[in-house]
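Structural features, examined
Here's the letter readout for the chains.
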Amino acid sequence: MFKKDPLQIIAFQSYGSSTHFYLRGRALEDETIDLEQKGLFKLFINTYKRFESDEVKDVELNLRLPNDRVLKVRTDEHGYFKSEEILEDLDTLTNKEGWLQVVASYSDVNIKRKITNQNRFPAEILIPSKTAQYGVISDIDDTIMHTGVTSLLKWRVFVNTFFKGAFKRIPLEGAAGFYHKLHRGKSGKDANPIFYVSHSPWNLYRYLKFFLKANNFPKGPILLRSMNTIFRKKSSSEKPEKQKEIINILKMYPELPFILIGDSGEHDADIYIEIAELFPKRILAIYLRCVGHKTKMLRIKGLFESYKTTPALLVHSSKEAIDHARRSGFIQ
C-alpha cells in the first residue's frame, strides 16, 4: 500500500476591490516539487508531477482575513475553488502595495490525512490603490518569457516547459525594467497594478510565479486556465479564456484605464483590438512584441495600420516600447 501524500492548498495571486473579494486556488496533494531542481530527468519528473496532480475534491476550506473574518468555500470536482464575496473596506486591510493577506486552511481539522504547513497556506489579493493612474495587462509567453509558440509544431514550447527549470528560462531583454517603469508610472512613485494573463494551465502557476520573481518582474495577479478547458471543444462564438479574464479585470475597475501588452505570435492582436472596441477610451495603448513569424507579422501590421482607435505598436525591443510610453506620458 502506497503512502498517501499530505495535503496542501495553492492559492493563486488574485485581484479584487475595496468591496469585492475574489480569490481562486486549488486543493492538492503535496507532491514536493522543487522549482530549483536541476538535471533533465528530475526536471521531467517535476513536470509530470505538475500535470498529474492529485486534486482534493469537494472539501470545505476556510479563508481568514486580517480582521479575523472567515469565509467558507468548497472545492469542485477538480480541486479548484473560487471565492467571490461583496464585503466592505477591504482596502483598509492591505499593505502599502495594495496586497490583502489571507490565510487558507482545511475546515475539517480531523481530516484523515496529514496537512502540510500546519494547515496554514498564504493567499494574496491585489486591491489597486485609488491613486493608481492605470493598470497593465500582459501576456507571458513570448511577451516576457522566451517560449517558442511560433516554432514548428510548437516543439520549443514542449522542450522549454518539460526540460527547463523556471530558474533557467530567459526573460526577454529589458522587459522587467519596462514593467517596473509602468508600475511606478509617470511620478515614479505610483503603484499601478500589473496583471499577467496566459493561455497556460493552472498547473504551471508556481513555475510562472517563480520565473517572475526570479527575474525581478513586478508582483501581480497571475491568471491562467484550467486543463479541462484546453481540450474542451468550443463553439465558434465562444471567446478565449484569456479574453474573458481581461474583460473581467476591466469590469472590476471601471474607472481605471489600461495598457495591453502581448506578442505577434498568436491571437493577441485580435483579442486586444476587440477589447479596445468593447471598452472605448479605456485602453491607453497596445504593445505587441515581434516574434519573427513573417506571415503573422504582415497580417498584424496590416491590422494595426487600419486601426486608429487606440495607439497600437509592433515593437522589436523593450526600448521601443519605453520610448513610446515616455512620449505618451505613461512613465518617467
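Thresholds applied
- Residues numbered from 1 in each chain as written.
- Predicted model: local features only at pLDDT ≥ 70, side-chain atom pairs only at ≥ 80, totals over all residues.
- Heavy atoms only, no water.
- Buried < 20%, exposed > 50% of the residue type's maximum accessible area, 1.4 Å probe, protein only.
- Helix = DSSP H or I, 4+ residues; strand = E, 2+ residues; numbered from the N terminus.
- Arc of directions from axis to C-beta.
- Pairing = 2+ DSSP bridges.
- pLDDT = per-residue confidence, 0-100.
- Contact = heavy atoms within 4.5 Å.
- Polar contact = N/O pair within 3.5 Å; in protein donor to acceptor, adjacent residues only side chain to side chain.
- Salt bridge = Lys/Arg side-chain N within 4 Å of Asp/Glu carboxyl O.
- Axes fitted to C-alpha atoms, helices over the stretch in contact; angles between N-to-C directions.
- Core = buried A, V, L, I, M, F, W, Y, C linked by side-chain atoms within 4.5 Å.
- Phe/Tyr/Trp six-rings, centres within 6.5 Å; stacked < 30°, edge-to-face > 60°.
- Lys NZ or Arg CZ within 6 Å of the ring centre and 35° of its normal.

Further remarks concern helix α4 (residues 205-214). Within α4, the full set of buried residues consists of Y205, Y207, L208, F211 and L212. Taken down its axis, α4 places every buried residue within 165° of arc, on the same side.

Ordered in space as β2-β8-β7-β4-β5, the 5 strands form an open sheet in which the pairing is mixed. The open sheet has two free edges, formed respectively by β2 (14-15) and β5 (70-74), since each of these has just one partner strand. As paired strands, strand β4 (residues 60-64) and β5 are joined by 5 bridges and run antiparallel to one another. Note that in β5 the partner of R64 across the bridge is V70.

We now examine the confidence of the model for the chain. The pLDDT averaged across the chain works out to 84; a share of 80% of its residues lies at or above 70. Confidence over residues 162-167 falls short of pLDDT 50; this stretch has 22 contacts with residues more than four positions distant or in other chains.

Another aspect to go through is the environment of D76. Of note, D76 is situated in the loop between β5 and β6 (80-86). Here D76 falls in the partly exposed class, since its relative accessible area comes to 35%. Each C-alpha atom of the pair D76 and E60 lies 9.9 Å from the other, and the pair is 16 residues apart in sequence. Among the polar contacts listed, one links the side chain of D76 to the backbone nitrogen of H78, at a separation of 2.8 Å.

Applying the stated rule across the entire model yields 13 salt bridges. A salt bridge links R184 to E97; the nearest nitrogen and oxygen atoms lie 3.2 Å apart. You can see R184 sitting in helix α3 (residues 175-184) and its partner E97 sitting in the loop between β6 and β7 (99-106), a full 87 residues away along the chain. By relative accessible area, E97 is classed as partly exposed at 27%. Note that K244 and E241 form a salt bridge whose closest N and O atoms lie 3.5 Å from each other. Pair noted here: K244 and E241 are both in helix α6 (residues 241-252), with a separation of 3 residues, about one helical turn. Judged by relative accessible area, which is 31%, K244 ranks as partly exposed. One network of salt bridges, with partners in common, ties together D139, K242 and D268.

This brings us to unusual backbone geometry. Within the chain, Q118 stands out as a residue other than glycine whose phi angle is a positive 55°. Position of Q118 relative to the elements: it lies in the loop between β7 and β8 (121-126). For D142, which is not a glycine, the phi torsion comes out positive at approximately 60°. The topology assignment puts D142 in the loop between β9 (135-138) and α2 (155-163). Judged by relative accessible area, D142 falls into the buried class, the value being 9%.

Bringing the sheet that holds strand β13 (residues 283-289) into the picture now. For sheets, the rule is that strands pair by backbone hydrogen bonds, running either parallel or antiparallel. Spatial strand order, β11-β10-β9-β12-β13-β14: 6 strands in an open sheet with parallel pairing. A single partner strand is all that each edge strand has here, and the edge strands are β11 (222-225) and β14 (312-315). Neighbour-to-neighbour, the strand axes of this sheet turn through a mean angle of 20°, independent of strand direction. As judged from the 3 bridges shared by strand β10 (residues 194-201) and β11, these two strands associate in the parallel manner. Its bridge partner being in β11, Y196 is matched across the sheet by I222. Here α6 sits on the sheet and contacts β9, β10, β11, β12 (258-263) and β13; the angle it forms with β10, its principal contact strand, is near 160°. Across the sheet, helix α7 (residues 268-278) touches β9, β12 and β13, and the angle it forms with β13 is around 175°.

Moving on, we come to the nonpolar core. Counting residues in each nonpolar core, the largest one holds 37 residues, and the members touching the most others are F178, Y196, F217 and Y287. If you list the elements that add at least two residues to this core, you get β1 (7-12), α3, β10, α4, β11, β12, β13 and α9 (318-327). The residues contacting Y196, other than those within four sequence positions of it, are S138, I140, I144, Y179, L212, F217, P218, G220, P221, I222 and L223. With 30 residues, the next largest nonpolar core counts I249, A269, F304 and Y307 among its residues.

Let us now look at the side chain of Q243. Note that Q243 resides in helix α6. On the accessibility criterion, Q243 (2% relative accessible area) is buried. Setting aside its immediate chain neighbours within four residues, Q243 contacts I271, E274 and I275.

What follows deals with the packing of aromatic side chains. One pass over the structure, following the stated rule, counts 14 aromatic pairs. Pairing Y15 with Y253 gives two aromatic rings, centres 6.3 Å apart and planes at 50°, and the pair type is tilted. Of this pair, Y15 sits in strand β2 while Y253 is found in the loop between α6 and β12, placing the two residues 238 residues apart along the sequence. Looking at Y15, the relative accessible area reads 1%, which means it is buried. For Y253, a relative accessible area of 8% corresponds to the buried category. Relative to F258, the ring of F195 has its centre 6.1 Å away and its plane inclined at 55°; by these criteria the two rings are tilted. Taken as a pair, F195 in strand β10 and F258 in strand β12 lie far apart in primary sequence, 63 residues in all. Note on accessibility: F195 and F258 belong to one class, buried. Taken together, the aromatic side chains of F178, Y179, Y196, F211, F217 and Y287 make up a single cluster linked through ring pairs. Against the face of W99 rests K219, its NZ or CZ located 4.7 Å from the ring centre.

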